[in-house]
Amino acid sequence: MSPPLLSLRGLSVDFVTRTGTARVLDDVSFDIGAGEIVGITGESGSGKSVAAYSIMGILDRAARLRSG
């Protein structure tokens, strides 16, 4: 088996707000292999975009990467 093209391990992200810290992602992990098609689903505000922005390195200034 070949190694994954993308491997995400233990991604945890917080957002600093005026009222405190909001934990947005907590310990997200997955692998995507060559030739795989992946869909991420969830409710509005569940962290799909934050996970994608984290992978691309374009998180908002208010975001704090705790791990991953």
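See above for the structure.
Residues numbered from 1 in each chain as written. Predicted model: local features only at pLDDT ≥ 70, side-chain atom pairs only at ≥ 80, totals over all residues. Heavy atoms only, no water.

**Q** Before we go on, may I ask you to explain the sheet that holds strand E3 (residues 63–67) in this structure?
**A** Consider a sheet: its strands pair through backbone hydrogen bonds, and that pairing is either parallel or antiparallel. Pairing is antiparallel in the open sheet, where three strands are placed in the order E2-E1-E3. Each edge of the open sheet is held by one strand with a lone partner, namely strand E2 (20–32) and E3. Each strand axis lies, on average, 25° off the axis of its neighbour in the sheet, ignoring direction. Across four bridges, strand E1 (residues 6–17) lies against E3 in antiparallel orientation. Note that in E3 the partner of Ser12 across the bridge is Ser67. (Pairing = 2+ DSSP bridges. Helix = DSSP H or I, 4+ residues; strand = E, 2+ residues; numbered from the N terminus. Axes fitted to C-alpha atoms, helices over the stretch in contact; angles between N-to-C directions.)

**Q** What's the story with the pattern of salt bridges in this structure? I'm lost.
**A** Side chains carrying opposite charge are able to pair once their charged atoms draw close together. Under the criterion given, the structure shown has four salt bridges. In this structure, Asp14 engages Arg23 in a salt bridge whose closest nitrogen and oxygen atoms are separated by 3.9 Å. Residue Asp14 is classed as buried on the basis of its relative accessible area of 10%. Across the pair Arg66 and Asp26 runs a salt bridge, and its minimum N-O distance is 3.6 Å. Residue Arg66 is found in strand E3, and its partner Asp26 is found in strand E2; the two are separated by 40 residues along the sequence. We classify Asp26 as partly exposed; its relative accessible area is 47%. Among the charged side chains, a salt-bridge network with shared partners connects Asp14, Arg23, Asp26 and Arg66. (Salt bridge = Lys/Arg side-chain N within 4 Å of Asp/Glu carboxyl O. Buried < 20%, exposed > 50% of the residue type's maximum accessible area, 1.4 Å probe, protein only.)

**Q** I tried to follow the environment of Gly10 on my own but got confused; where do I start?
**A** Along the chain, the position of Gly10 falls in strand E1. Judged by its relative accessible area of 14%, Gly10 is buried. Excluding its chain neighbours within four sequence positions, the residues that come into contact with Gly10 are Asp27, Val28, Ser29, Ser67 and Gly68. (Contact = heavy atoms within 4.5 Å.)

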